[in-house]
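Per-entry structural report
One-letter residues, chain by chain:
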Amino acid sequence: MNDDAFLRITDLSVGYGATRVLERLRLSIARGEFVALLGASGCGKTTLLRAIAGFVTPSAGAIAVAGRDVTRLPPDRRGMALVFQSYALWPHMSVAKNIGYGLKLKGLPRAAIERRVGEIEALLGLSGLGGRKPGALSGGQRQRVALGRALAVDPQILLLDEPLSNLDARIRLKVRHEIRALQQRLGITAVHVTHDREEAMAMADRVVVMEAGRIAQAGTPEEIYNRPASAFVAAFMGAENMLALNGTVRGEHIHIAAGPHYGAAEVPLDGRALASGALEARFRAEAVQLQAHDAPPATEGLALSGHVEAVSYLGGAWRHSVRIGQTPVFADAEHSLAPRTAVRLTIPAEKLFLFNTPSPSGAAAPADDTHPTATRATRPDRVREAAIS
Ligand SMILES: Nc1ncnc2c1ncn2[C@@H]1O[C@H](COP(=O)(O)OP(=O)(O)OP(=O)(O)O)[C@@H](O)[C@H]1O
């Protein structure tokens, strides 16, 4: 675990009645770090955020901020502010009163509140709108008021619960950059819940991918995208194409045996703790080199043979639906190849994510992000994959 952790979550378990949501989860966040909690609906992101904020009580474990245990403290004594998806603004209050609400609760004198509200309005580009009611604002402006209300109380930690999901796509991109720039300017520690992987990667220093109440992987956006620690993370990060292969470890490589629709290939292990046996291969549509079957191979890697079934234009690239034997995959190319064309797909070794196929009885890895800088070989889930294959 990071020794310089500012927000430290240790063995946190949270449930609702008989439903267990988080199980012994560990996560350390550095001061000034922006962390995105990313995962599918129902994986426990909001529950974790609400436990950090103090709105749900854990059944076990601890939450500490700068070395101070806050696990049993009420939300208003944790030095945190939460921004909700729904904004949760008071409709009958003006923008200025909404922003100053937390300061009023703290009993600050009126002049101090007005000064701070003015600062926040200027910071967020809301100057001149202080007298309006939330109903007379755009969605983006409302979200900025909600952010302003959170920042006005000078929190040590800013918690963001899908704050952009009610905004339309164009405004969402703009507000995304505004929040990130503001967080960096203020040096505030932020935890952001989202199910949008692009948003998580664009905003965060570190992305924490959650799967069914546990941390599947925590790392920089680049690590998570290019070195997914499990087939689940690979698929969640867009490597949705899947093939079942067989491999044999030989020194620093894994040798993939040829099959009816693909040739043999040598893939460098590159630190991965893979074992010989059944493999699940994952790759992105854009990682594929797609060619007519009789064209000379353009690149080295795993070569697959198939037929184009359908093609559509994505803007910038053509997406081909290709059948490899019984397996459908997607492959992108700058030029389109017509349906029924016999094609070769080549996946360069560095873009082919390989995982040992887990046995159905494989025990769950511990929920733990305490090895964010560990190599693939030493990550708990990698070791598990190697152990059970
Ligand atoms: N108040 C509650 N009472 C009972 N079960 C709950 C409650 N809140 C959440 N849950 C359950 O806990 C699990 C995790 O929910 P949570 O809201 O943390 O997920 P999430 O990852 O944030 O999902 P989403 O992206 O849909 O918001 C889900 O199975 C959900 O049904």
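In this report, we go over the structure that sits alongside the text.

Rules and cut-offs
- Residues numbered from 1 in each chain as written.
- Predicted model: local features only at pLDDT ≥ 70, side-chain atom pairs only at ≥ 80, totals over all residues.
- Heavy atoms only, no water.
- 1 Å grid on protein atoms, 1.4 Å probe; cavity = no way out; pocket = protein on both sides within 12 Å on 5 of 7 lines; lining within 4 Å.
- Points joined across faces, edges and corners; volume = space filled by probe spheres on them.
- Helix = DSSP H or I, 4+ residues; strand = E, 2+ residues; numbered from the N terminus.
- Nonpolar A, V, L, I, M, F, W, Y, C, P; charged D, E, K, R; others polar.
- Expected span 1.5 Å × (residues − 1).
- Buried < 20%, exposed > 50% of the residue type's maximum accessible area, 1.4 Å probe, protein only.
- Contact = heavy atoms within 4.5 Å.
- Arc of directions from axis to C-beta.
- Pairing = 2+ DSSP bridges.
- Axes fitted to C-alpha atoms, helices over the stretch in contact; angles between N-to-C directions.
- Near = heavy atom within 4 Å.
- Polar contact = N/O pair within 3.5 Å; in protein donor to acceptor, adjacent residues only side chain to side chain.
- Areas by Shrake-Rupley, 256 points an atom, 1.4 Å probe, with all protein chains shown as cover.
- Phe/Tyr/Trp six-rings, centres within 6.5 Å; stacked < 30°, edge-to-face > 60°.
- Lys NZ or Arg CZ within 6 Å of the ring centre and 35° of its normal.

Here we take up the layout of surface pockets. If you add up the space inside the largest pocket, you get close to 720 Å³. Around the largest pocket, the lining is made up of 23 residues, and of these Asp-76, Met-80, Ala-81, Gly-102 and Val-153 lie nearest the centre. Only strand E6 (80-83), helix H3 (101-105) and helix H5 (139-152) provide two or more residues apiece to the lining of the largest pocket. With 4 residues, the single largest contributor to the lining of the largest pocket is E6. The residue inventory of the lining of the largest pocket, partitioned by class, reads 17 nonpolar, 2 polar and 4 charged.

Further remarks concern H5. Along an α-helix, a turn takes 3.6 residues, which lines up residues three or four apart on a common side. Here H5 spans 20 Å end to end across 14 residues, near enough to the 20 Å set by a 1.5 Å rise per residue. In terms of burial, H5 is a largely internal element, 11 of the 14 residues being buried. Turning to H5, its buried residues are Gly-140, Gln-143, Arg-144, Val-145, Ala-146, Leu-147, Gly-148, Arg-149, Ala-150, Leu-151 and Ala-152. The inward-facing, buried residues of H5 abut E6, helix H2 (95-99), H3, helix H4 (110-123), strand E7 (157-161) and helix H6 (169-186). Asp-154 sits one or two positions beyond H5 and adopts a positive phi of about 55°.

Taking 1.5 Å of rise per residue, 18 residues should cover 26 Å, and H6 covers 26 Å from first to last C-alpha, within 8% of that figure. When H6 is considered as a whole, its buried residues turn out to be Val-175, Arg-176, Ile-179, Arg-180, Leu-182 and Gln-183. All buried residues of H6 fall inside an arc of 165° around its axis, so they share one side. Along H6, exposed side chains directed more than 90 degrees from the buried face belong to Arg-170, His-177 and Arg-185.

To continue, consider the sheet that holds strand E5 (residues 68-69). Here 4 strands make up an open sheet; going across it, the order is E2-E1-E4-E5 and the pairing antiparallel. Only two strands of the sheet have a single partner each, and these edge strands are strand E2 (19-30) and E5. Across the sheet, helix H1 (residues 45-53) lies against strand E1 (5-16), E2 and strand E4 (60-65), angled at about 115° from E1, the strand it touches most.

So, about the site of the ligand. In the vicinity of the ligand, the residues found are Tyr-16, Val-21, Ala-40, Ser-41, Gly-42, Cys-43, Gly-44, Lys-45, Thr-46, Thr-47 and Glu-162. Lys-45 places a polar side-chain atom, nitrogen or oxygen, 2.8 Å from an oxygen atom of the ligand. A distance of 2.7 Å separates an oxygen atom of the ligand from a polar side-chain atom of Thr-46. Taking 630 Å² as the accessible area of the ligand by itself, protein coverage stands at 57%. Its residues placed into classes, the shell around the ligand shows 4 nonpolar, 5 polar and 2 charged.

Under the defined criterion, the tally for this structure stands at 3 aromatic pairs. A ring pair is formed by Trp-90 and Tyr-101, whose centres lie 5.5 Å apart and whose planes are at 55°; its orientation type is tilted. On the criterion of sequence distance, the pair formed by Trp-90 in the loop between E6 and H2 and Tyr-101 in helix H3 is long-range, its members being 11 residues apart. One cation-aromatic arrangement involves Arg-284 over Tyr-225; the distance from NZ or CZ to the ring centre is 3.4 Å.

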